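Here are the chains, one letter per residue:
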Amino acid sequence: MSEVKLTAETRTEFGKGAARRIRRDNKVPGVLYGHGSDPLHLTLPGHELLLALRTPNVLIALDVDGKTNELAIPKSVQRDPIKGFLEHVDLQLVQRGETVSVEIYVQTEGELAPGGNLLEHVLNALPVEAEATHIPESVTVSVEGLEAGASILAKDIPLPAGTKLAVEEDTVVLQVLAAQAEEAPAEGEGEGDEAAEA
């Protein structure tokens, strides 16, 4: 779990025009909320924030106006759909020792059994609860030798110490599909054609 320090300024201007001006200065508008406090509207450094957000569930140490130091995790990030730059970020206030609900990426290692089978990620990210300063970035699970029909459940995924599942244990996370499954849409189209003729 990495911690990144960022300097933020409180902002008093709101609306699209103000947000555009902030982004023109290579900064990003954001909101910090949590713990029953009023939302705090911030301006964050664009490049440094972009680098920080490359780490999943990054812990951000915010220096707000040089007066207060807050810990936060990103909860919602809006990007420009075409250019990809950051448009807005929502940050959740956290405290050391506090348990938070987050999603962690599920990575796989190993090769499926021979036969052209396909691995389907039913869940790309696994909902878990972890201590705010010890959130794992991802978990890795082996799919070595799995055959068609096999599945990996949430309870089968090894979690780091102090991390608990936030979904039912029998939730399917990964499953292996037989290679023939690709032909299914073609059969479905044929049925649709017959229905149209009838």
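Provided above is the structure to which this section pertains.
Presented here is a report on the structure given in the accompanying data block. As a convention, each chain's residues are numbered from 1 in the sequence order in which they are written. For a predicted model such as this one, the threshold for reporting local features is a pLDDT of at least 70, and the threshold for listing and counting side-chain atom pairs is 80 or more; totals across whole chains, interfaces and linings nevertheless cover every residue. Side-chain metrics rest on all non-hydrogen atoms present in the structure, leaving aside hydrogens and water.

1. A look at the nonpolar core
Among soluble globular proteins, nonpolar side chains are generally buried collectively.
Right, on to step 1. For this analysis, a nonpolar core means a set of buried residues of the types Ala, Val, Leu, Ile, Met, Phe, Trp, Tyr and Cys, connected via side-chain atoms within 4.5 Å. Each residue gets one of three labels from its accessible area relative to the maximum for its type: buried under 20%, exposed over 50%, partly exposed in between, using a 1.4 Å probe on protein chains only. V106, L126 and I157 are the most contacted members of the largest nonpolar core, which totals 22 residues.
Right, on to step 2. Under the scheme used here, helices are H or I runs from DSSP no shorter than 4 residues and strands are E runs no shorter than 2 residues, and both carry numbers assigned from the N terminus. Within the residue set of this core, elements represented by two or more residues are β4 (59-64), β5 (68-79), β7 (99-109), β9 (125-131), β10 (138-142) and β13 (172-177).
Right, on to step 3. Top element by residues in this core is β7. It accounts for four residues.
Right, on to step 4. Residues are treated as being in contact if the distance between any of their heavy atoms lies within 4.5 Å. Sequence-distant contacts of L126, defined by excluding residues within four places in its chain, comprise V102, E103, I104, V106, A154, I157, L159, L165, V167 and V173.

2. Topic: the sheet that holds β7
The strands making up a sheet are joined through hydrogen bonds of the backbone, oriented either antiparallel or parallel.
Right, on to step 1. The four strands lie next to each other as β10-β7-β9-β12, forming an open sheet whose pairing is mixed. Of all the strands in the sheet, just β10 and β12 (164-165) have a single pairing partner and so form its edges.
Right, on to step 2. Strands were regarded as paired on the criterion that DSSP finds at least two bridges between them. Taken together, the two bridges between β9 and β12 define a ladder with antiparallel strand orientation. Following the sheet pairing, E129 is matched in β12 by K164.

3. Observations concerning the layout of surface pockets
Right, on to step 1. Cavity and pocket criteria rest on a 1 Å grid covering protein atoms alone: a 1.4 Å probe that fits but cannot get out defines a cavity, protein on both sides within 12 Å along at least 5 of 7 lines defines an open pocket, and an atom within 4 Å of a point defines a lining residue. Grid points are joined across faces, edges and corners, and a volume is the space filled by probe spheres set on the points. Space inside the largest pocket adds up to approximately 360 Å³.
Right, on to step 2. As for the largest pocket, its lining consists of 15 residues, and the residues nearest its centre are P56, N57, P74, E103 and Y105.
Right, on to step 3. Counting only elements with at least two residues in the lining of the largest pocket, the list comes to β5 and β7.
Right, on to step 4. Per-element accounting of the lining of the largest pocket gives the leading share, six residues, to β5.
Right, on to step 5. Under the convention adopted here, Pro, Cys and the residues Ala, Val, Leu, Ile, Met, Phe, Trp and Tyr are nonpolar, Asp, Glu, Lys and Arg are charged, and Gly plus all remaining residues are polar. Split into classes, the residues belonging to the lining of the largest pocket amount to eight nonpolar, three polar and four charged.
Right, on to step 6. If you add up the space inside the second largest pocket, you get close to 160 Å³.
Right, on to step 7. Taken together, R23, N26, K27, V28, G46, H47, L50, F85 and L86 make up the lining of the second largest pocket.

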